[in-house]
Amino acid sequence: MNPKYQPFFDTFRFRSGVEVKNRLVMAPMTTYSGNPDDTVSKGELTYYARRSRGVGMVITACTYVTANGKGFPGEFAGDRDEMIPSLRSLATAIKEQGAKAVLQIFHAGRMSPPELVPHGKTVSASAVAAEQQGAPVPSELTDGEIQDIIKAFGETTRRAIEAGYDGVEIHGANGYLVQQFFSPHANRRNDHWGGSLEKRMRFPLAVVDEVKRVVAAHAKQPFLIGYRFSPEEAETPGITMADTLVLTDALAQKELDYLHVSLMNFWSTPRSAEGTRSETRLELIQKQVASRVPVMGVGSIRTADEALQAFATGVPLLALGRELIIEPEWVEKVQNGQEADIQVEIDKNDQARLDIPDPLWHAILHTPGWFPISQKV
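Rules behind the numbers
Residues numbered from 1 in each chain as written. Predicted model: local features only at pLDDT ≥ 70, side-chain atom pairs only at ≥ 80, totals over all residues. Heavy atoms only, no water. Pairing = 2+ DSSP bridges. Helix = DSSP H or I, 4+ residues; strand = E, 2+ residues; numbered from the N terminus. Axes fitted to C-alpha atoms, helices over the stretch in contact; angles between N-to-C directions. Contact = heavy atoms within 4.5 Å. 1 Å grid on protein atoms, 1.4 Å probe; cavity = no way out; pocket = protein on both sides within 12 Å on 5 of 7 lines; lining within 4 Å. Points joined across faces, edges and corners; volume = space filled by probe spheres on them. Nonpolar A, V, L, I, M, F, W, Y, C, P; charged D, E, K, R; others polar. Buried < 20%, exposed > 50% of the residue type's maximum accessible area, 1.4 Å probe, protein only.

As recorded in an unreviewed UniProt entry, the protein goes by the name NADH-dependent flavin oxidoreductase, listed as coming from Brevibacillus nitrificans.

Given below as structure tokens:
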């Protein structure tokens, strides 16, 4: 191995006591590939096992915590105890390859396709549709329903513990329910759960508190809790960088194991005018939380040298997403001095070689701009 890449392979111990063998993480990416009964499929197990051999930790695709929170066709379920064997099969497949397994837990809120949820009824913080063509107007959640969803995040955490995971990641990003409560676009309430910035933070922080309570009550060994968030929204009104810095300050006080910034590009700068425009979103967030909680970076990192540049900013952990789909042996190739052989484009003939399930493969080929597609014949 080229010695300059050694920082990737230093061990890291989280606040909870969970230790990973290196600083590289498989980012959460939906596969659309679960079984019709919402259990994890054999194709998914093969896909994850292949990509778990090198990284220190794998964060799974999201699993929904209530039936009305399902966000994708082929999404595996975590909303009932009958799903524990399914969840366990995925944790086992990951851990057998030497990586820690983290289950991402979420509720899609107004982003749920109506055909995937009971009675076609989508829900959110307020009865405000997403700014997408044809998006349905969701039902505003009552206080009782909100409390039930908070408890459901805790119950799915308990299932993760029983299924053998090493941790959970609360999905507070990408426009889903936890973010919807924080967003001034989706949350127009004027009660305990909305109105001011402080009140819009109450649901995300209540979910964190419930997950922490369940871990303290049920985990018999170190079990980590992470939180993923999107720093800004394009909508007006929408989440601004200033809003996010207030949220991250509050999250940093919760003694979480990490904060995971959801970005398409690691080096992206804020949309809004706060701060110095030359500072990236990640730099602003790291400055805000200081040493109180580790920050995990992600976003269009393809080569080993690009990863090295990202580490130079001070992030202690780096997640690889699409690049691990394209190059499942990314970590091993760097470790073995073969970084020049890393693939950065996906070949249209490579589905079988890459162990990619059919639904995910279809999404890759039919979502323009999502993946760099090789033009080789």
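There's plenty left to go through after this.
**Student:** Describe the sheet that holds strand 10 (residues 258-261), naming the residues involved and giving the relevant values.
**Tutor:** Here we have eight strands rolled up into a closed barrel, ordered 3-4-5-8-9-10-11-12, and parallel in their pairing. Averaged over all adjacent pairs, the angle separating strand axes in this sheet is 30 degrees, with direction ignored. Bridge count between strand 4 (residues 57-64) and strand 5 (residues 100-106): six bridges; the pairing is parallel. Residue pairing across strands places Tyr 64 opposite Phe 106, the latter belonging to strand 5. Of the strands in this sheet, strand 5, strand 8 (167-172) and strand 9 (224-229) are in contact with helix 6 (residues 202-218), which crosses strand 9 at around 165 degrees.

**Student:** Describe empty space enclosed by the protein, listing the residues and the values that go with them.
**Tutor:** Applying the stated rule across the entire model yields one cavity of 30 Å³ or more. Within this model, the largest cavity holds a volume of roughly 50 Å³. Lining the largest cavity are Gly 172, Val 178, Gln 179, Phe 182, Tyr 227, Phe 229, Ser 230, Ile 239 and Leu 247. Taken together, the elements giving at least two residues each to the lining of the largest cavity come down to helix 4 (177-182) and strand 9. Of all the elements, helix 4 adds the most residues to the lining of the largest cavity, at three residues. In terms of residue class, the lining of the largest cavity is built from six nonpolar, three polar and no charged.

**Student:** An account of unusual backbone geometry is needed here, citing residue identities and associated values.
**Tutor:** A cis amide bond, omega -5 degrees, links Thr 236 with the succeeding residue Pro 237. Within the secondary structure layout, Pro 237 lies in the loop between strand 9 and helix 7 (241-252). Non-glycine residue Tyr 32 carries a positive phi angle of around 60 degrees. In this structure, Tyr 32 sits in the loop between strand 3 (24-26) and helix 1 (42-51). Overall, the relative accessible area of 25% leaves Tyr 32 in the partly exposed class. Its identity is not glycine, yet Ser 300 carries a phi of approximately 60 degrees, on the positive side. Within the element layout of this structure, Ser 300 appears in the loop between strand 11 (295-298) and helix 9 (304-311).

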